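# A closer look at the structure
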Amino acid sequence: MKLPERAERLAWLTGFTGSAGAAIILQDEAHVFTDGRYTLQVRAQTDPAVFTPQDLMANPPHQWLAENLKPGMRIGFDPWLHTVRGAKQLASACSGADAGLVPVERNLVDAIRNDLPAQPLEPVAIHPFEFAGETPRDKIGRIAEAVRDEKADAAILTDPASICWLFNIRGNDVSHTPLALAFAILPVEGDPVLFIDKRKLPIRTAAYLTQLATLRPPSEFDDGLRELGAKGGAVLIDPALTARKIADELQDAGARLVEASDPVRLPRACKNAAEQAGARNAQRR
């Protein structure tokens, strides 16, 4: 899966174009972390005078920080790009070294790019019932009950695959993967809220989604989180998928967080007859 060009920050900064990696940039040194697939590629694509290759699996960033930070150092991170679980690992590593982990208001790579691409605006299509095998209303009701079972009043959905499955839509914001980028709030009672750029919605798709959810632009997602948090209820988040910033916004507004797996992940993995037939037909083609 290739990220949208706007999100290819590691490639822009270091030259490394592999599908998995990370970087730590200090004032006088820089390190690029990749797994064993890219041992040769990372050395070919990055400047050895600037970047030191590191093993992402044997010596992940949080472990490297714990072993190399000096007391008093402050490490900046973008809370939109690190999950709740990942940020906890980084914070623990920094704390153990008597250093600090500092969320930044603006992504530091974006701040220095003079060629920052626009967000993808590929059209969103309706995934037909004959291939989905279940209506989105039935799916929404089923997932809402799963959220209720977790003693939560609402769930935050951040995985595009879960959102596309839930609403029976497909997109092309991500190369080679039929995903439309969006966020969603799924309450136990009432309609979901789908945060998606309406410029991606043809008339028919927009009319279809309007019957299923309240549509709001992604720029209002922060507002939606604060509004939800202000209700003071319990909100389900998946710590492995939810950005630290989302958790902070909810808690700051008054929500109580319930950490659990994305409630859509298992249901979308359990294929119904129509989905199984689609997989078989795809293999035949």
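An account of the accompanying structure is given in this report. (Residues numbered from 1 in each chain as written. Predicted model: local features only at pLDDT ≥ 70, side-chain atom pairs only at ≥ 80, totals over all residues. Heavy atoms only, no water.)

What the rule picks out here adds up to 5 aromatic pairs. Ring centres 5.0 Å apart and planes at 65° place the aromatic pair phenylalanine 195 and phenylalanine 221 in the edge-to-face group. With phenylalanine 195 in strand S10 (residues 193–195) and phenylalanine 221 in helix H10 (residues 221–230), this residue pair connects regions lying 26 residues apart in the sequence. Its relative accessible area of 2% is what places phenylalanine 221 among the buried residues. The rings of Trp80, Phe183, Phe195 and Phe221 are connected pair by pair, giving a single aromatic cluster. For lysine 139, the ring lying beneath its charged end belongs to tryptophan 165, and the centroid distance is 4.1 Å. (Phe/Tyr/Trp six-rings, centres within 6.5 Å; stacked < 30°, edge-to-face > 60°. Helix = DSSP H or I, 4+ residues; strand = E, 2+ residues; numbered from the N terminus. Buried < 20%, exposed > 50% of the residue type's maximum accessible area, 1.4 Å probe, protein only. Lys NZ or Arg CZ within 6 Å of the ring centre and 35° of its normal.)

What follows covers the packing of helix H3 (residues 61–68) against helix H4 (residues 84–96). Interaxial distance between H3 and H4 falls to 8 Å at its minimum, and their mutual angle equals 10°. Between H3 and H4, the crossing angle belongs to the class labelled roughly parallel. Of the residues in H4, those in contact with His62, Leu65 and Ala66 of H3 are Gln89, Leu90, Ala93 and Cys94. Split into classes, the residues belonging to the contact of H3 with H4 amount to 5 nonpolar, 2 polar and no charged. (Axes fitted to C-alpha atoms, helices over the stretch in contact; angles between N-to-C directions. Parallel < 35°, antiparallel > 145°, perpendicular 65-115°, else oblique. Contact = heavy atoms within 4.5 Å. Nonpolar A, V, L, I, M, F, W, Y, C, P; charged D, E, K, R; others polar.)

A few words now on the nonpolar core. The biggest cluster of nonpolar side chains holds 33 residues, and the ones touching the most others in it are Ile143, Ile163, Leu166, Phe167, Ile169, Leu194 and Leu209. Listing elements by their share of this core, those giving two or more residues are helix H7 (136–149), strand S7 (154–157), helix H8 (160–167), strand S9 (183–187), helix H9 (203–210) and strand S12 (234–237). Here the element with the most residues in this core is H8; it accounts for 5 residues. Ignoring any residue separated from it by four or fewer positions in sequence, one finds isoleucine 169 in contact with Val124, Ala125, His127, Cys164, Tyr208 and Leu209. (Core = buried A, V, L, I, M, F, W, Y, C linked by side-chain atoms within 4.5 Å.)

For the rest of this paragraph, the subject is the pattern of salt bridges. Counting across every chain of the model gives 17 salt bridges. Glutamate 134 serves as the salt-bridge partner of arginine 142, at 2.7 Å between the closest nitrogen and oxygen. Relative accessible area serves as the criterion here: at 14%, glutamate 134 is assigned to the buried category. Its salt-bridge partner being glutamate 227, residue arginine 216 comes within 3.0 Å of it at the nearest N-O pair. Taken together, the positions of arginine 216 in strand S11 (residues 214–216) and glutamate 227 in helix H10 put the pair 11 residues apart, joining distant regions of the chain. For arginine 216, a relative accessible area of 17% translates into the label buried. According to the relative accessible area criterion, glutamate 227 is partly exposed, its value standing at 43%. One salt-bridge network, in which partners are shared between bridges, spans Asp223, Arg226, Lys245 and Glu249. (Salt bridge = Lys/Arg side-chain N within 4 Å of Asp/Glu carboxyl O.)

Moving on to the packing of H7 against H8. Across the interface, H7 lies against H8 with an axial gap of 7 Å and an inter-helix angle of 125°. In this view, H7 runs oblique relative to H8, as classed from their interaxial angle. Between H7, through Pro136, Lys139, Ile140, Arg142 and Ile143, and H8, the contact on the second element is made entirely by Trp165, Leu166 and Phe167. Looking at the contact of H7 with H8 residue by residue, the classes come out as 6 nonpolar, no polar and 2 charged.

Among all positions in H3, only Pro61, Trp64 and Leu65 are buried. Around the axis of H3, the buried residues are gathered within 100° of arc, so they sit on the same side. Contact partners of the buried residues in H3: strand S1 (22–25), strand S2 (30–34), strand S3 (51–55), strand S4 (74–77) and H4. (Arc of directions from axis to C-beta.)

Along the chain, tyrosine 208 turns up in helix H9. Since its relative accessible area comes to 17%, tyrosine 208 is described here as buried. Between the C-alpha atom of tyrosine 208 and that of isoleucine 126, which follows or precedes it by 82 residues, the distance is 8.0 Å. When residues no more than four places from it in sequence are discounted, the contact partners of tyrosine 208 are Ile126, Pro136, Phe167, Asn168 and Ile169. Polar side-chain contacts of tyrosine 208 include one of 2.6 Å to the backbone oxygen of phenylalanine 167. (Polar contact = N/O pair within 3.5 Å; in protein donor to acceptor, adjacent residues only side chain to side chain.)

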